[in-house]
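Chain by chain, the residues:
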Amino acid sequence: MEIMQVERSLVCSRRIAGLESVSLRVLRSARGARAVAVDTLGARPGNWVFTISGSAARLAVGKSILTDLSIGGIIDHWERDAARPDPRSQRSC
């Protein structure tokens, strides 16, 4: 799984069987890489989402949908730049 941000919808007028009834979204990773994912949840541009990849992506949205990347959930709250505590600073004296 990876956390990504929805950039925009992807509109395709012609699709193969198995993709004709799904919404597609262009996503951007934290590193700036783009990907296209199947969206059965209705994610909007700007939403942060977590993705499911590989064969699990197909199972998550239904076996008849052909995909290797699906949006698994829309994140309600996430502190992207939250600092992680340094385990060394938690030593007792």
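Provided above is the structure to which this section pertains.
Residue positions are given per chain, counting from 1 as you read along its sequence in written order. Per-residue local features are limited, in this predicted model, to residues with pLDDT of at least 70; the limit for side-chain atom pairs, both in listing and counting, is 80 or more; totals at the level of whole chains, interfaces and linings are taken over all residues. Note that water and hydrogens are dropped before the side-chain values are worked out from all heavy atoms of the structure.

> Explanation requested: the pattern of salt bridges in the structure shown.
Opposite charge on two side chains permits pairing when their charged atoms draw close. In the sections that follow, a salt bridge refers to a side-chain nitrogen of Lys or Arg positioned within 4 Å of a carboxyl oxygen of Asp or Glu. Across all of its chains, the model carries 5 salt bridges by this definition. For the salt bridge of Glu 2 with Arg 31, the shortest nitrogen-to-oxygen distance reads 3.8 Å. Here Arg 31 lies in the loop between strand 2 (23-29) and strand 3 (34-39) and Glu 2 lies in strand 1 (residues 2-10), a separation of 29 residues in the sequence. Take Glu 2: its relative accessible area is 32%, and that puts it in the partly exposed class. The residue Glu 7 makes a salt bridge to Arg 34 at a minimum N-O spacing of 2.8 Å. In DSSP terms, a helix is any run of H or I states spanning at least four residues, a strand is any run of E spanning at least two, and both are numbered starting from the N terminus. Relative accessibility under 20% of the residue-type maximum defines a buried residue, over 50% an exposed one, and the middle range a partly exposed one, all with a 1.4 Å probe and only protein chains included.

> I'm lost on the pairing of strand 2 in this one. Help?
Taken residue by residue, a regular strand's side chains alternate between the two faces of the sheet. The buried fraction of strand 2 amounts to 5 of the 7 residues, a majority that puts the element mostly inside the structure. When strand 2 meets strand 3, the two strands line up antiparallel, connected through 6 bridges. Paired with Arg 28 across the two strands is Arg 34, which belongs to strand 3. Pairing between strands is defined by DSSP: at least two bridges between them are needed. Hairpin connection from strand 2 to strand 3: 4 residues lie between these consecutive antiparallel strands, with Gly 32 at a positive phi of about 95 degrees.

> Sorry, what's going on with the nonpolar core here?
Buried together is how nonpolar side chains tend to be arranged in soluble globular proteins. Of all hydrophobic cores here, the largest spans 8 residues; its members are Met 4, Val 6, Leu 27, Ala 37, Ala 43, Val 49, Leu 69 and Ile 71. Going through the elements one at a time, strand 1 and strand 5 (69-74) are the ones with two or more residues in this core. Contacts between residues were defined by any pair of non-hydrogen atoms, one from each residue, lying within 4.5 Å. Non-local contacts of Met 4, meaning those with residues more than four positions away in its chain, are made with Leu 27, Arg 28, Ser 29, Ala 33, Ala 35, Asn 47, Trp 48, Val 49 and Thr 51. With 6 residues, the next largest nonpolar core counts Leu 19, Val 22, Val 61 and Ile 65 among its residues. To qualify as a nonpolar core, a set must consist of buried Ala, Val, Leu, Ile, Met, Phe, Trp, Tyr and Cys residues joined through side-chain atoms within 4.5 Å.

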